[in-house]
Each structure stands twice: as structure tokens, then as C-alpha cells.
Amino acid sequence: MTRTPEQTFWSDQALATARDAASDPSLVPVAVTAANGEQCTWCDCPLALHRQPGYSCGGCPATATSVVSTFAGPVLRYDFPACDRHTADIVASIAQVVGGVQ
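Criteria and thresholds
Residues numbered from 1 in each chain as written. Predicted model: local features only at pLDDT ≥ 70, side-chain atom pairs only at ≥ 80, totals over all residues. Heavy atoms only, no water. Helix = DSSP H or I, 4+ residues; strand = E, 2+ residues; numbered from the N terminus. Buried < 20%, exposed > 50% of the residue type's maximum accessible area, 1.4 Å probe, protein only. Contact = heavy atoms within 4.5 Å. Areas by Shrake-Rupley, 256 points an atom, 1.4 Å probe, with all protein chains shown as cover. Pairing = 2+ DSSP bridges. Axes fitted to C-alpha atoms, helices over the stretch in contact; angles between N-to-C directions. Phe/Tyr/Trp six-rings, centres within 6.5 Å; stacked < 30°, edge-to-face > 60°. pLDDT = per-residue confidence, 0-100. Patch = residues over 30% accessible without salt bridge, like charges linked within 9 Å, V, L, I, M, F, W, Y side chains within 5 Å. Salt bridge = Lys/Arg side-chain N within 4 Å of Asp/Glu carboxyl O.

Let us now look at the overall build of the protein chain. Per the secondary structure count, the protein chain includes two helices and three strands. Its helices and strands in sequence order give the protein chain the pattern α-β-β-β-α, from N to C terminus. When the 102 residues of the protein chain are sorted by exposure, 36% land in the buried category. A fraction of 49% describes how many contacts in the protein chain between residues 6 or more apart in sequence connect residues 24 or more apart. Total accessible area on the protein chain stands at roughly 6,100 Å², and carbon and sulfur atoms take up 60% of it.

Next comes the structure, spelled out in C-alpha cells:
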């Protein structure tokens, strides 16, 4: 699936907003973007998940439909591929790890 310019813009904005929010050490922002194998316009990392089409969910062998990105500071991002069934589980796991939520 090819992104439209508008979809790329919204994905970029979600990631940029989360990145900017990470400058507050009391926050651990999370962004969920489409996993369509295309690069966001502001990232040049050759290993970024969004540049690798057809990758699998981190929780099962299903094809990832989204990427859950969390930021630990404005320059450190972790990406987790997720299928529709596991997206919420990955977000919940991030919250549990950083916040001690049971």
C-alpha cells in the first residue's frame, strides 16, 4: 500500500509530536503509525522498521499492520511492529515497564 501525501504528513506529525513530548522526562510518549514499508520524511535511518515492508508482529507471526513507537528522550526511539490484535498489548506493555502498572 502506498501512502498518500496526507497519510505521510499525519504519520510524520504523530512521530514528531511524540518525539517533542519526550523532552519532558516525566513523559514516555507513544505513537502508533501504519506499517506500510515507507519511510517517514524526516528519518534517514536505514534500519528503521517503516523501511522494511512485510515484517512480522512482535507478538505473533502475523504481518504487522502498525508500528508502535515510544521515545526515551527526544533522540532515542524504539519501534515495535504490531498486528491489529497485538497493538494494544504492546502499548500496555510499554506502560507497564515504564510506569510499573500491574
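Now that the structure has been shown, the text picks up again.
Next up on the list: the sheet that holds strand S3 (residues 77–82). The three strands are arranged S1-S2-S3 in an open sheet whose pairing can be described as antiparallel. If you trace the sheet from one side to the other, it starts and ends with strand S1 (30–34) and S3, each paired once. For this sheet, the mean inter-axis angle between neighbouring strands, taken without regard to orientation, is 25°. Pairing geometry for strand S2 (residues 66–71) and S3, over six bridges, is antiparallel. Residue pairing in the sheet places Thr 70 in a bridge with Tyr 78 of S3. Running at roughly 165° to S1, helix H1 (residues 5–21) makes contact with S1, S2 and S3 of the sheet.

Another point: the packing of aromatic side chains. Per the stated rule, a full pass over the model turns up one aromatic pair. Seen from their ring centres, Phe 9 and Trp 10 are 5.0 Å apart, and the 70° between their planes marks the pair as edge-to-face.

A few words on the confidence of the model for the protein chain. Reading fine detail from the predicted coordinates is not recommended where pLDDT is low. On average, residues of the protein chain carry a pLDDT of 79, and 75% of them reach 70 or more. The weakest mean pLDDT in the protein chain belongs to H1 at 85; the strongest belongs to helix H2 (residues 87–99) at 89.

What follows is about the pairing of S2. With six of its six residues buried, S2 lies for the most part within the structure. From the end of S2 to the start of S3, which pair antiparallel, there are five residues, and Gly 73 there has a positive phi angle of about 95°.

On the surface, a nonpolar cluster with roughly 400 Å² of combined accessible area is contributed by Val 75, Leu 76, Tyr 78 and Phe 80. Mapped onto the elements, Val 75 comes out in the loop between S2 and S3.

Inspection of the entire model under this criterion finds two salt bridges. Across the pair Arg 19 and Asp 20 runs a salt bridge, and its minimum N-O distance is 3.4 Å. Under the relative-accessibility criterion, Arg 19 is labelled partly exposed at 24%. A relative accessible area of 47% places Asp 20 in the partly exposed class. Between Arg 77 and Asp 79 there is a salt bridge, with the nearest N and O atoms lying 2.9 Å from each other.

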